[in-house]
Amino acid sequence: KPEATAVFKQVRDDAKRRVDRGEGVVAEEKVRVIWFMLPLYFDLGIFDWMEQDLGAVIPMDMVSYMMTDTIDTSTPDSMLKGLGRKALNTPMARQLRGPTSFYTNDLVRVVEDYQGDVVIFAGHEGCKMAWGSIGLIRDTCKELGKPLLVMDVDAFVERPGQGVAVRNKIEEFL
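Quantities reported herein were computed from a predicted structural model and do not represent experimental measurements.

Caption draft 1: Quick look at the packing of helix α2 (residues 46-54) against helix α8 (residues 162-173). Interhelical geometry of α2 versus α8 gives an angle of 40 degrees and a closest axis separation of 12 Å. α2 and α8 meet at a crossing whose hand is right-handed. Within the contact between the two elements, α2 uses I46, W49, M50 and L54 and α8 uses V166, R167, I170 and E171. Classifying every residue of the contact of α2 with α8 by side-chain character gives six nonpolar, no polar and two charged.

Caption draft 2: Molecular detail of helix α1 (residues 2-21). Given a rise of 1.5 Å per residue, 20 residues ought to cover 28 Å, and the 28 Å separating the end C-alpha atoms of α1 matches this to within 8%. Of the residues one or two after α1, G22 is the one with positive phi, at around 70 degrees.

Caption draft 3: Inspection of the sheet that holds strand β4 (residues 148-153) at higher detail. Ordered by their spatial adjacency, four strands build an open sheet running β2-β1-β3-β4, and the pairing between neighbours is parallel. Because the sheet does not close on itself, it has two edges, and the strands there are β2 (56-61) and β4. Between one strand axis and the next, the sheet turns by 25 degrees as a mean value, whatever way the strands run. In this sheet, strand β3 (residues 118-124) lies alongside strand β1 (residues 31-35) in parallel orientation, the contact comprising three bridges. Of the residues in β3, the one forming a bridge with V33 is V118. On the sheet, helix α7 (residues 134-144) packs against β3 and β4 and is oriented at approximately 155 degrees with respect to β4.

Caption draft 4: Representation of the pattern of salt bridges in the model. Tallied over the full model, the rule gives 11 salt bridges. For R18, the salt bridge goes to D14, with nearest N and O atoms at 3.2 Å. Placement of both R18 and D14 in helix α1 is noted, with a separation of four residues, approximately one turn of the helix. Residue R18 is classed as partly exposed on the basis of its relative accessible area of 34%. When its relative accessible area of 31% is taken as the criterion, D14 is described as partly exposed. For the salt bridge of D154 with R159, the shortest nitrogen-to-oxygen distance reads 3.1 Å. Taking the relative accessible area as the measure of exposure, R159 reaches 39% and is therefore partly exposed.

Caption draft 5: Main features of the nonpolar core. Core analysis: the largest hydrophobic core is formed by 22 residues, its most contacted members being F36, M37, Y103, L107 and F121. Of all the secondary structure elements, the ones that give two or more residues to this core are α5 (100-113), β3 and α7. For this core, the element with the most residues is α5, which contributes four residues. Residues V31, I46, M50 and V153 belong to the second largest nonpolar core, which totals 19 residues.

Caption draft 6: Region of interest: the packing of α5 against α7. Running from N to C, α5 and α7 point in directions that differ by 30 degrees, and their axes come no closer than 10 Å. Put simply, α5 runs roughly parallel to α7. Like other packed secondary-structure pairs, α5 and α7 cross with a definite hand, here right-handed. Contacts between α5 and α7 involve T100, Y103, T104, L107, V108, V111 and E112 from the former and L136, I137, T140, C141 and L144 from the latter. Within the contact of α5 with α7, the residues separate by chemical class into eight nonpolar, three polar and one charged.

What counts as what
- Residues numbered from 1 in each chain as written.
- Predicted model: local features only at pLDDT ≥ 70, side-chain atom pairs only at ≥ 80, totals over all residues.
- Heavy atoms only, no water.
- Axes fitted to C-alpha atoms, helices over the stretch in contact; angles between N-to-C directions.
- Helix = DSSP H or I, 4+ residues; strand = E, 2+ residues; numbered from the N terminus.
- Left-handed = near helix turned anticlockwise from the far one by under 90°.
- Contact = heavy atoms within 4.5 Å.
- Nonpolar A, V, L, I, M, F, W, Y, C, P; charged D, E, K, R; others polar.
- Expected span 1.5 Å × (residues − 1).
- Pairing = 2+ DSSP bridges.
- Salt bridge = Lys/Arg side-chain N within 4 Å of Asp/Glu carboxyl O.
- Buried < 20%, exposed > 50% of the residue type's maximum accessible area, 1.4 Å probe, protein only.
- Core = buried A, V, L, I, M, F, W, Y, C linked by side-chain atoms within 4.5 Å.
- Parallel < 35°, antiparallel > 145°, perpendicular 65-115°, else oblique.

So this is what it looks like as structure tokens:
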């Protein structure tokens, strides 16, 4: 829709202005974090805390990373195929339902494209697909020369003391 296009153009133009002025998200950026797993839904304020208190910027995370092609709208069949491809490439479905190379290749691309300094894997305790790949994720981070923090968390419901423990781990890691 034209209204959506206008909004995204404003976001793009604002980002370009900030880049042209050399203006970042925080006054003093100390580290660029690639959070390549689920955010902590029980504590979304953790990202603000990381920026404001630690100077840690998260330029990209797994849930925001979308690999998709333009959908061919010339026929109903091409639109359905395009929507199907888009659904297969949504965040997490892409990385965790195919070969592990989807995850590791996307991780490499994100670290390089967004100039990540470190990687955080806050693995939801029930996500067996991701935990089954952790060895390859570790190897990928080693090859990239990027420190990796691995945490076992419940991303949706805060367990007693979990929020404080997670923040302590992140602060110590960074």
